[in-house]
Structures are given as C-alpha cells and as structure tokens.
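# A closer look at the structure
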Amino acid sequence: MVDVNLAKDECTGTIKFTPPLYKQRYQFIKDLVNKYKPKKVADLGCADCSLLWMLKFCKCIEVLAGLDICENVMKEKMHRLSPLPGDYLQPSERTLIVTLHHGSVAQKDPCMLGFDLITCIELIEHLEATELEKFPEVVFGFMAPAMVVISTPNSEFNPLLPGVTLFRHPDHKFEWNQAQFQSWALDAASCYDYTVEFTGLGAPPPGTEDVGFCTQIAVFRRKYPNTGETINLEKSTENPYRTIFKAVYPSLKDEKYLQNVVVSEVINTAQIITRRLLDSFKSEYKEHRNGPVEMKPDFQLPHCFMRHSRNPSLAEAEKLADDRNMETYVSGNAVYIPLIKFFSIPKVNKLCGTFENLSKLITGKVALSNDGSAVVISIEHEERENE
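Just so you know, these numbers come straight off a predicted model, no measurement behind them. (Residues numbered from 1 in each chain as written. Predicted model: local features only at pLDDT ≥ 70, side-chain atom pairs only at ≥ 80, totals over all residues. Heavy atoms only, no water.)

## Things to note about the pairing of strand β3 (residues 40-44)
When you tally the buried positions in β3, you get four out of five residues, the bulk of the element. Relative to strand β4 (residues 63-68), β3 runs parallel, the two being bridged by five bridges. Residue pairing for β4: D43 is matched across the bridge by G66. For the segment spanning β3, helix α2 (residues 50-55) and β4, crossover handedness is right-handed. Direction of pairing for β3 relative to strand β6 (residues 117-121): parallel, over a ladder of three bridges. Bridge assignment links A42 to a residue of β6, and that residue is I118. (Buried < 20%, exposed > 50% of the residue type's maximum accessible area, 1.4 Å probe, protein only. Helix = DSSP H or I, 4+ residues; strand = E, 2+ residues; numbered from the N terminus. Pairing = 2+ DSSP bridges. Right-handed = clockwise from strand over helix to strand, strands pointing away.)

What follows is the structure, given as structure tokens:
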C-alpha cells in the first residue's frame, strides 16, 4: 500500500501529496499489474516512458508498448528501456519486448491489437474535441483490451490548488468534474460491452470530501472474451504509427542465452570441483611423502590416486557408473567429472529439464570424455593457472 499524505506549504499555500501524485498514479497501475498479471501492456500517451520503465520490472509482462504524439519527448528517455549488461549476464526466464510508437490515439493501428491492459494516464484532457470523439472507438472498439485504465484531473479539486485559474496545465483542452467524467465513461462502457469502476488518488483535506479525489480514475473491464473480429480487421487497416524504438531482452527461452548460462554454470562448477580435488591430493601426497612437495606444471598425480590410466570406453564408463556411483576420477593429466553431477545441481536441472538437453547444450562448448559421459578438466592447465 502507498503511504499517502496531504500537506499544505504554509509559505506558498501549495497542496503537496506524499508521494507525489504522479508516482501514486504509476503505483496504482503497478498494483493492478501485480494483481491481474497481464502479459501485454500498452501505455497511451507514454511521454517520457517513466511508467513503462517501472513496468518492465514486472515479471508477468512479456510485451510493453508505448504510444505518444510527441516523438522528441519519448526519445529523450527511451534509452532507459534498453537492456543493461546485467540483463545479458543473467537473462530472465521470461521474454520481454519493449516498443515505442509515434502516432495519435485517434488512429487505428494493428500493432496495438491483442493487449491485456491499456493505460491512459492523464491523457484524455490533452485531446482535441475531434480526437476525443474518436478515442472510445479506437481504444474500446478496435484495440479492445481486457482492461483499460483512464485517469484525468478532477476539476472540482482545482479550487484547492492555489494558482490554478482555468486548467492545471496550459495544454489541457478541458478538465471534467466527477459527473462529467463518469457520464462519459459509463457511455463508453455501455457502447463497447465493458464494465467500469471509479476510484481516485489524492484525497481532499478534511471537511472538503465532497470535491472528490484530485485525480479521478476509471477502470474498465471487458465483459466478454475477444471474439477475434478486431483481429480480422487488421488485414484492411493501414499502419499509421511509426516505430521509433524496439528492444528485445535476452531470455532463457532463447537457446543461445540458455546455452551461455548452462555452459558457464558447468565450467564454474567443474573448476571448483577440480581445485578442491587437487588441493586434497596435494595435502594427501605431502603426508604420504612425509615432507613438502612442490607442484610443478607437469605434475603427474601419483598412481595411488588415479582411478584410470586412460579415457574409459562407453562400456567402462557405464560400469564405472554402476560400481562407483559416478564419482569424479582422475586419468593422466585430466579430471573427469560425470555429467550426472552437474544435472543434480538444482539450477542446472531447472534450466535444462532433461539430462539429454544438458548434454546437447554443452556439447562443443565444454571438453567432454570420448563417450560424452563426463566433463574433462586438464590438470596441467589448472596447475599453471594457480602458479
């Protein structure tokens, strides 16, 4: 829950909300997303992309789209929507595509079809009368998402805001009172088979409750599942929007990123196992010789610590698995770590799903025994790394 506080600056007489009202509006959307888990979300009138930036961290969202008539405003901040280096180092399990479009909400474009949630935060009051007239048909009739959230200033709150004479912003074409907004929203909902609920943010000071919230909000929900009629309309519709930005985030659903993560996990684990094994051998060998032993680059492990003198055949490997429970073993200047050990690691198991998939992902990327049953780590290489 947002901790909301209303205060009045004694010097300026300005009413201040804590957190600021714009942050409360964004948090309201984020709470809805966390509750209903939409996969595809679009923000109409996305401006500087602040809401989109917040929503890109919501794990349920796989597609994010922004639309605005002002291209320059989007371009100033759109770099924040690009993947970071950490996104490539630790790819998410989900897919995420973020796209920004330049265009008007009074125009229909197929790229806005199929969304679960469309937000219009402080947008409609910026529309000209002709655009506002087309808006319901475009959003509710054509785009037809499962849910639409529209917020707009409540003009009844304006007398409580010092300095506001007509509208709160010079670009506003109108500001509705509660009755006007609710009448418009109810008409749109009835026409396009939506239900609508009203709420708001920014409660008025005690004693002025009748003026309502500073920001009034309508939450629309489509009554019936999309029949697919709007999808059919796509074939006969032009594409008036222009895409100015697109980012495809790395995902473990993409095999190349999945392979990188699995290979990295296997190599790191193999090196840890090998270092521990060598340290153990060194310690035992020192005790065995009753004196210090210097490990040379061409160090050969004593035969008493070797399990095999050559790479095992498939039959021998299978026998080893039965006899030794797939334990790590040493042969010549190499350590053999059975693949089953890596598959037993919870992270690797979850990433690969099957033992066959683990083998497929690391083949050609990691040194394997002749039969592919074990990862091979050169002891000579490890010793030189530790010099």
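Past the structure itself, the notes keep going.
## Description of the packing of aromatic side chains
In the structure shown here, the tally under the stated rule is 15 aromatic pairs. Aromatic side chains F17 and F157 sit 6.1 Å apart centroid to centroid with 45 degrees between the ring planes, which places their arrangement in the tilted category. Placement of the pair is F17 in strand β2 (residues 15-18) and F157 in the loop between β7 (147-153) and α6 (178-191), with a sequence separation of 140 residues. Comparing F17 with F157 shows no difference in burial state: the two are buried. Plain terms: the ring middles of F140 and Y194 are 5.1 Å apart, the flat faces sit at 70 degrees to each other, and that makes the pair edge-to-face. Of this pair, F140 sits in helix α5 (residues 129-143) while Y194 sits in strand β8 (residues 194-201), and the two are 54 residues apart along the sequence. With respect to class, F140 is no different from Y194; both count as buried. Within the aromatic cluster, the residues linked to one another by ring pairs are F135, F174, W176, F181, W184 and F198. Its end group placed over the ring of F115, K40 keeps NZ or CZ at 4.9 Å from the ring centre. (Phe/Tyr/Trp six-rings, centres within 6.5 Å; stacked < 30°, edge-to-face > 60°. Lys NZ or Arg CZ within 6 Å of the ring centre and 35° of its normal.)

## Topic: unusual backbone geometry
Cis geometry marks the peptide bond from T18 to P19; its omega dihedral reads -5 degrees. The topology assignment puts P19 in the loop between β2 and α1 (21-36). Even without a glycine there, the phi angle at K37 is positive, about 55 degrees. Summarising the element assignment, K37 is placed in the loop between α1 and β3.

## Some points on the nonpolar core
Core analysis: the biggest nonpolar cluster contains 40 residues, and L55, I61, L100 and V149 have the highest contact counts within it. The set of elements that each furnish at least two residues to this core consists of β2, α1, α2, β5 (97-102), β6, β7, β9 (215-222) and β10 (242-248). Look past the residues within four positions of L55 in its chain and what remains in contact with it is I29, K30, V33, V41, I61 and L64. (Core = buried A, V, L, I, M, F, W, Y, C linked by side-chain atoms within 4.5 Å. Contact = heavy atoms within 4.5 Å.)

## Regarding the pairing of β4
Here β4 lies mainly inside the structure; five of its six residues are buried. Bridge count for β4 against β5 is six bridges, and the pairing is parallel. Paired with A65 across the bridge in β5 is T99.

## Side note on the confidence of the model for the chain
Close inspection of predicted coordinates is inappropriate for parts of the model with low pLDDT. Taken over all residues, the pLDDT of the chain has a mean of 85, while the share at 70 or more is 80%. Note that residues 293-325 has pLDDT below 50 and, in this model, 51 contacts with residues that lie over four places away or in other chains. (pLDDT = per-residue confidence, 0-100.)

## Quick look at the sheet that holds β9
Hydrogen bonding along the main chain pairs the strands of a sheet, whether they run parallel or antiparallel. Strand order in the open sheet formed by eight strands is β8-β9-β7-β6-β3-β4-β5-β10, and the pairing between neighbours is mixed. Since the sheet does not close on itself, it has two edges, and those belong to β8 and β10, each with one partner. Direction aside, the axes of adjacent strands within the sheet are offset by 15 degrees on average. Bridge count between β6 and β7: five bridges; the pairing is parallel. For T119, the partnering residue across the bridge sits in β7 and is V149. Running over the sheet, α5 touches β3, β6, β7, β8 and β9 and is turned about 160 degrees from β7. Each of β7, β8 and β9 touches α6; the most contacted strand, β8, lies at about 155 degrees to it. (Axes fitted to C-alpha atoms, helices over the stretch in contact; angles between N-to-C directions.)

## A short note on α6
Here α6 is 14 residues long and its end C-alpha atoms lie 20 Å apart, about the 20 Å a rise of 1.5 Å per residue gives. Looking at α6, one finds that the buried residues are F181, W184, A185, A188 and A189. With its buried residues spanning 130 degrees around the axis, α6 presents them on a single face. Opposite its buried face, α6 presents the exposed residues A179, D187, S190 and C191, each directed more than 90 degrees away. (Expected span 1.5 Å × (residues − 1). Arc of directions from axis to C-beta.)

## Structural notes on the environment of V98
Structurally, V98 is set in strand β5. Note on V98: relative accessible area 0%, which makes it buried. Note: C-alpha distance between V98 and A247 (149 residues apart in sequence) is 5.2 Å. Setting aside residues no more than four positions away along its own chain, V98 makes contact with L64, L81, F245, K246, A247 and Y249.

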